[in-house]
Amino acid sequence: MRYELKAIRGKEGLAALIVDAGDRNDAIDQVQAQGYQVITVQARDTWAGMSGRFYRFPLVQFSQELLALLEAGLPLLEAIETLAEREQRPGLRKMLAQIKAKLYEGQPLSHALQQFPDQFPSLYIATVRASERTGALPEALARYIVYQSQMDAVRRQVVSSSIYPVLLVCVGGLVALFLMLYVVPRFSRIYADMGGHPPLLSRLLMQWGQLMGEHSLLVAGGVLGAAALLTYLGSRPAFRHWLEQLLWRLPKIGERLYIYQLARFYRSLGMLLRGGMPVVTALQMSADLLQYSLRGQLAKALASIREGQPISLAMETHLLTTPVALRMLRVGERTGQMGDMMERIAAFYEEETARWVERFTKLFEPLLMVFIGGLIGLIVLLMYFPIFELAGAIQ
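Being a predicted model, the structure only gives us computed values, none of them experimental.

Caption draft 1: How the structure looks around the packing of helix α2 (residues 59-71) against helix α3 (residues 76-86). For the pair α2 and α3, interaxial distance at closest approach is 9 Å and the crossing angle is 130°. As summarised for this structure, α2 and α3 are arranged oblique, according to the angle between their axes. α2 and α3 meet at a crossing whose hand is right-handed. Across the interface between the two elements, F62, E65, L66, L69 and L70 from α2 touch L76, A79, I80, T82, L83 and R86 from α3. Across the contact of α2 with α3, the residue classes break down as 8 nonpolar, 1 polar and 2 charged.

Below is the structure:
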């Protein structure tokens, strides 16, 4: 794991240091050993490979390899040793060595993984801890791999559906900017030499184009600055939280975000329940997957469940389910298969979300193309309209 630290040593002033370390404390120890006093520590959430490129910690790959070794009959400790020996990335090798050392001390795997919260999320650790009670670690790893693969599939579909509209907006914006910065100012000079009185909209367009052409560097710098600002704001949690709140207030978008949140919540909850986790503990572990406003409703539902209310009633009362999901929860309570039923609810929600994304993109992309094409066409039409009038006068 790569960490960025800000530290000070003597009279040298503030220094920014980057180190490869197994965890946060290891990074601090390395810097303090050089005589620095650490001020801040920030994880970059990347792993350095032999080629010098950077990678996110491959949690799913790690789980798949560990599962394959366990299913081949290797004990857990020997499987971790095997993974550590074949690993080429220094940071990851060091982390696996530390996990192995904890296992040698007799500590369970879940406790060893807890030392690395940046790499192993609490949901993963809870899944492993639940499997340690039943001795079914391979089954728990297989469930997590399926869970993460399904969540990644939904995320990939949303991302892939948004690529074309984003490219369309960028290309259309660049074309419109080129027309206003390069083409329109030249047309305005031609019309100024010709004299005459072009229509009002054409005059306004020419004036704007001439103004932008005279300050082209300022306009280009403003566009680049706005792009850099948006990129920076997109990396800030506070801005993402504000944007998320804004999207939640939109009628249709907010409804779909709510459904997607429930899909993640029920998927995680079902995985934990199938692994043997108690209901209350599983609900607490899955709370972080919900949007902030929904966590308060989950806390109220948890209090009701502790008082003895059925899960389906508590979820319905506190708006954490839909009519279809409510019926499936009641079936799960009658049959005692709550884990399986919650995963079916998640699958239903995910399919519904996928269908909505597909329908939305099929409708939104043509509308976006019409809007951008109309905007560019309007600029071109206003540029050529005085020529059309001049041709008509000559005839």
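Caption draft 2: Inspection of the pattern of salt bridges at higher detail. In total, this model carries 5 salt bridges according to the counting rule given. With a shortest N-O distance of 3.2 Å, R86 and E65 are connected by a salt bridge. A residue pair is termed long-range when its members are at least 10 positions apart, and R86 in helix α3 and E65 in helix α2 qualify at 21 residues. Since its relative accessible area comes to 44%, R86 is described here as partly exposed. Of the residues examined, E65 reaches a relative accessible area of 22% and is grouped as partly exposed.

Caption draft 3: Spotlight on the side chain of E343. Mapping E343 onto the fold places it in helix α16 (residues 338-394). Residue classification places E343 among the buried positions, given a relative accessible area of 16%. If we ignore the near neighbours within four places in the chain, the residues touching E343 are Y266, R267, G270, M271 and R274.

Caption draft 4: View of unusual backbone geometry. Of note in this structure, L319 is not a glycine but carries a positive phi near 60°. By the secondary structure assignment, L319 is in the loop between α14 (311-317) and α15 (323-335).

Caption draft 5: Structural detail: the side chain of R256. The residue R256 is located in helix α11 (residues 251-274) in this model. Classification of R256 by relative accessible area gives buried; the value is 14%. Within polar-contact distance, the side chain of R256 engages the side chain of E352 at 3.2 Å. Apart from the residues within four sequence positions on either side, R256 is in contact with E352 and W356.

Caption draft 6: Quick peek at the packing of aromatic side chains. One pass over the full model with this rule turns up 9 aromatic pairs. Measuring from centroid to centroid gives 4.7 Å for Y124 and Y144, while their planes differ by 90°, and the two rings are edge-to-face. Residue Y124 is found in helix α6 (residues 122-134), and its partner Y144 is found in helix α7 (residues 137-194); the two are separated by 20 residues along the sequence. Both residues of the pair, Y124 and Y144, count as buried. Between F178 and Y182 the ring centres are 5.4 Å apart and the planes differ by 15°, which places this aromatic pair in the stacked class. Of this pair, F178 and Y182 both sit in helix α7, separated by 4 residues, roughly a single helical turn. For F178, a relative accessible area of 46% translates into the label partly exposed.

The rules behind these values
Residues numbered from 1 in each chain as written. Predicted model: local features only at pLDDT ≥ 70, side-chain atom pairs only at ≥ 80, totals over all residues. Heavy atoms only, no water. Axes fitted to C-alpha atoms, helices over the stretch in contact; angles between N-to-C directions. Helix = DSSP H or I, 4+ residues; strand = E, 2+ residues; numbered from the N terminus. Parallel < 35°, antiparallel > 145°, perpendicular 65-115°, else oblique. Left-handed = near helix turned anticlockwise from the far one by under 90°. Contact = heavy atoms within 4.5 Å. Nonpolar A, V, L, I, M, F, W, Y, C, P; charged D, E, K, R; others polar. Salt bridge = Lys/Arg side-chain N within 4 Å of Asp/Glu carboxyl O. Buried < 20%, exposed > 50% of the residue type's maximum accessible area, 1.4 Å probe, protein only. Polar contact = N/O pair within 3.5 Å; in protein donor to acceptor, adjacent residues only side chain to side chain. Phe/Tyr/Trp six-rings, centres within 6.5 Å; stacked < 30°, edge-to-face > 60°.

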